[in-house]
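# Breakdown of the fold
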Amino acid sequence: MLLTNKNHLIEMLSAALQGIAQERSLGEAPQPRLERPKAIDHGDVACNIALQLSKAWKLNPRELAQELVERLQKQPGFSDLIASSEIAGPGFINFRLANAAKTAVIQEILSTGPTFGELAKGQGSVASAMIEFVSANPTGPLHVGHGRQAALGDALANLLATQGIDVHREFYYNDAGVQIANLALSVQARLQGLKPGDAKWPEQAYNGEYIADIAVAYKAHPDYRADLSEQQQVEEIRQFAVAYLRNEQDIDLKTFGVKFDCYYLESSLYTDGSVGQIVQDLQGIGKTYESEGALWLRTTDDGDDKDRVMRKTDGSFTYFVPDVAYHASKWQRGFEKVINVQGSDHHGTIARVRSGLQGVAHKRGWEIPKTYPEYVLHKMVTVMRHGEEVKISKRAGSYVTVRDLVEWSGGVTPEMDADQRELALQRGRDAVRFFLISRKADTEFVFDIDLALQQNDENPVFYVQYAHARICSILQQWGGSVEDLKHADLSLLQSKASDHLLRRLAEYPEVLADAAAELAPHALAFYLRDLAGDFHTFYNADRVLVDDQALKLARLALLSATRQVLENGLKLLGVSAPAKM
């Protein structure tokens, strides 16, 4: 049911309830809620407000439902919206939409095109929002966990934008700390001729072959100097290795089709004094204390299970302290809604980051909600290829990168020319994105490379894309203009299959709104599969290019609207909508 029609019916129901309440001196009624009946034969939309109010108003629910229906039938415009109403069970009201109300979705889709179901910028619940995602340490290429973050974060940003929100995408580089020091030592060890397994190989070093590649590139750089002291060399290596891996990650992200508005460096929080200021703020309000030579944050004041160390005995800060400074900068930059897409291993940091932020807010007079920032935590991805699990281990150097996953899923081979490779990369990118979004973030996911390569209905992204391509083929075979379809006689769409497809199309705006509100892009992937299924059912049941010109145009209009929504939804997921397959 289109949202405009739904809101109109809710307004009519509210007016009818208000009339009953005033005449009988009854209490106020809550706003009625409309639901889709579980059984499609029960109608298009249902309401249980009579059952809900019967006890408080001391009325028989079926009698109250009947009176509501009678009042509704007297309201102007009701018969244009509702074809029939019936009372079911203990007091449910089931409504069947008038045909014109059902088919109105086609005209709306054909008129609005790419923006169907979306709010204009500025009409959202908040003006702007930031989504931080991927945020990988620059210590290696992006692995499939980062790929899941990239797919989720990018789709979620697109969904929020459909709700009139100005969305800012940010990547936070952890370019400071122990892991970066280990990276520099790893490259230095390679330069010294050492390799994993050697007796003098550093215990905490990274073992991947990419470390050897960095060492070779560093030594071949025009500015390479062999006369540096060991300390100077380590610093030079650190800077070079971080820049090298940032470039590698940029290539991975480009391959995956993800762009960011800003890359924020953790190191900048130290150089500009933000971390030091955060510590002073928290000390200034008594939210910290010294114990056993360390500085602790009273996170138990905000519901944490124990207080947390901020500054260790060696004077270095624990990793959540710059995170607090970073999120303070987000608030300071005007982002009142912030969503972090991270692995589920970050769950333990939520309480301490929020606790630190509440302390900073208290000190600086900021009104930061206690739930700031919001988090979308995703679980592990298991990669299967040829029926066997591909192990993921950054430290061992045998993990699957995002680039690997895209190339495998697209069937990229060394023999391909540039055009063939680009097409294969597009297939792989589409499959990886759709697959990684198609499950709830908090569930573990098994990525089957063999399934991604299949060109049949078992492959969900192929199933949806094929629906789009098939409609394009039908429209091309017809050869007319979409403008002609805007004047089709839609009253001729009377079949059960067309009815199901119309219902599904009308759901799209609410699917977008709910998926954005619940931070659940998987809901859009589910919807697209259902829409593709309804189309395939319609196509098999109702011949489109019939001799009857009026009926043909009506069915083509329905298909054109379906094609548009498939394209719109796939675009939000970062997946292409091919015209041919």
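## Some words on the overall build of the protein
Scanning the protein from N- to C-terminus turns up 21 helices and 15 strands. Taken over 581 residues, the protein has a buried fraction of 51%. Accessible area of the protein: about 27,100 Å², with a carbon and sulfur share of 47%. In the protein, 62 side chains carry a positive charge and 76 a negative one; their mean positions are 2 Å apart.

## With respect to the sheet that holds strand β13 (residues 381-385)
On the basis of which strands lie adjacent, the open sheet formed by 3 strands has the order β14-β13-β15 and mixed pairing. The two strands at the open ends of the sheet, each matched to only one other strand, are β14 (388-390) and β15 (445-448). Averaged over all pairs of adjacent strands, the angle between their axes in this sheet comes to 40°, without regard to strand direction. Examined bridge by bridge, β13 and β14 share 3 bridges and lie antiparallel to one another. When the bridges of β14 are listed, Met-384 appears paired with Glu-389.

## Considering the side chain of Asn-94
Positionally, Asn-94 belongs in strand β4 (residues 92-97). Polar contacts involving the side chain of Asn-94 include one to the main-chain carbonyl oxygen of His-42, which spans 3.4 Å. Contacts of Asn-94, omitting those with residues within four sequence positions, involve His-42, Val-45, Ala-46, Ser-84, Ser-85, Glu-86 and Ala-88.

## Points about the nonpolar core
In this structure, Ile-106, Phe-447 and Leu-524 are the most contacted members of the largest nonpolar core, which totals 98 residues. Element by element, the count of residues in this core is highest for helix α21 (residues 549-572), at 11 residues. Membership of the second largest hydrophobic core comes to 30 residues, among which are Met-130, Val-275, Phe-335 and Ile-368.

## A closer look at the side chain of Ser-355
Its place among the elements puts Ser-355 in helix α13 (residues 347-364). Separated by 2.5 Å, the side chains of Ser-355 and Asp-302 make a polar contact. With residues up to four places along the chain from it excluded, the contact list for Ser-355 reads Lys-287, Leu-297, Arg-298, Thr-299 and Asp-302.

## Section: the packing of helix α19 (residues 496-517) against helix α20 (residues 522-541)
Remark: α19 packs on α20, axes separated minimally by 9 Å, with the N-to-C direction vectors making an angle of 170°. Relative to α20, the element α19 is oriented roughly antiparallel. Across from Ala-497, Ser-498, His-500, Leu-501, Arg-504, Leu-505, Glu-507, Tyr-508, Val-511, Leu-512 and Ala-515 in α19, the residues of α20 making contact are Ala-523, Leu-524, Tyr-527, Asp-530, Leu-531, Asp-534, Phe-535, Thr-537, Phe-538 and Ala-541. Here the residues of the contact of α19 with α20 are counted per class, giving 14 nonpolar, 3 polar and 4 charged.

## Description of the pattern of salt bridges
Counted according to the given criterion, the structure contains 33 salt bridges. Linking Arg-24 and Glu-67 is a salt bridge whose minimum nitrogen-to-oxygen distance equals 2.5 Å. Here Arg-24, found in helix α1 (residues 3-24), pairs with Glu-67, found in helix α3 (residues 61-73); they are 43 residues apart in sequence, far enough to count as distant. Taking the shortest distance from any N to any O, the salt bridge between Glu-170 and Arg-333 comes out at 2.9 Å. Here Arg-333 lies in the loop between α12 (320-332) and β11 (338-343) and Glu-170 lies in strand β6 (residues 166-173), a separation of 163 residues in the sequence. Of the residues examined, Arg-333 reaches a relative accessible area of 35% and is grouped as partly exposed.

## Some points on the packing of aromatic side chains
This structure, assessed with the given rule, holds 20 aromatic pairs. Seen in terms of ring centroids, Phe-171 and Tyr-173 are 4.4 Å apart; in terms of plane orientation they differ by 40°. Their pairing is tilted. Each member of the pair, Phe-171 as well as Tyr-173, is classed as buried. By the ring-pair criterion, three or more aromatic residues cluster together here, those being Phe-133, Phe-171, Tyr-173, Phe-260 and Tyr-263. The ring of Phe-256 carries Arg-433 above its face, with NZ or CZ at 5.3 Å from the centroid.

## Some remarks on the pairing of strand β3 (residues 82-88)
Taken together, the 6 bridges between β3 and β4 define a ladder with antiparallel strand orientation. Residue Ser-85 lies in a different strand from β4, and its bridge partner there is Phe-95. Count of turn residues in the β3/β4 antiparallel hairpin: 3 residues, of which Gly-89 carries a positive phi of about 60°.

## Observations concerning α3
Note on helix geometry: an α-helix contains 3.6 residues per turn, so any two residues three or four positions apart are oriented the same way. Taking 1.5 Å per residue as the helical rise, α3 with its 13 residues ought to reach 18 Å, and the 18 Å between its terminal C-alpha atoms agrees with that figure. Of the residues making up α3, those classed as buried are Pro-61, Leu-64, Ala-65, Glu-67, Leu-68, Val-69 and Leu-72. Structurally, α3 contributes buried residues whose contacts are with α1, α2 (49-57), α4 (78-81), β3 and β4.

## Observations concerning the environment of Leu-159
Checked against the element boundaries, Leu-159 lands in helix α6 (residues 144-162). Overall, the relative accessible area of 0% leaves Leu-159 in the buried class. Residues Leu-159 and Leu-556, spaced 397 residues apart in sequence, show a C-alpha to C-alpha distance of 28 Å. Beyond its immediate sequence surroundings of up to four residues, Leu-159 is in contact with Leu-512, Ala-515, Ala-516, Pro-521, Leu-524 and Leu-572.

So, how was this worked out
Residues numbered from 1 in each chain as written. Predicted model: local features only at pLDDT ≥ 70, side-chain atom pairs only at ≥ 80, totals over all residues. Heavy atoms only, no water. Helix = DSSP H or I, 4+ residues; strand = E, 2+ residues; numbered from the N terminus. Buried < 20%, exposed > 50% of the residue type's maximum accessible area, 1.4 Å probe, protein only. Areas by Shrake-Rupley, 256 points an atom, 1.4 Å probe, with all protein chains shown as cover. Lys, Arg positive; Asp, Glu negative; His and termini not counted. Charge placed at Lys NZ, Arg CZ, Asp CG, Glu CD. Pairing = 2+ DSSP bridges. Axes fitted to C-alpha atoms, helices over the stretch in contact; angles between N-to-C directions. Polar contact = N/O pair within 3.5 Å; in protein donor to acceptor, adjacent residues only side chain to side chain. Contact = heavy atoms within 4.5 Å. Core = buried A, V, L, I, M, F, W, Y, C linked by side-chain atoms within 4.5 Å. Parallel < 35°, antiparallel > 145°, perpendicular 65-115°, else oblique. Nonpolar A, V, L, I, M, F, W, Y, C, P; charged D, E, K, R; others polar. Salt bridge = Lys/Arg side-chain N within 4 Å of Asp/Glu carboxyl O. Phe/Tyr/Trp six-rings, centres within 6.5 Å; stacked < 30°, edge-to-face > 60°. Lys NZ or Arg CZ within 6 Å of the ring centre and 35° of its normal. Expected span 1.5 Å × (residues − 1).

None of the figures reported here should be taken as evidence of function without further support.
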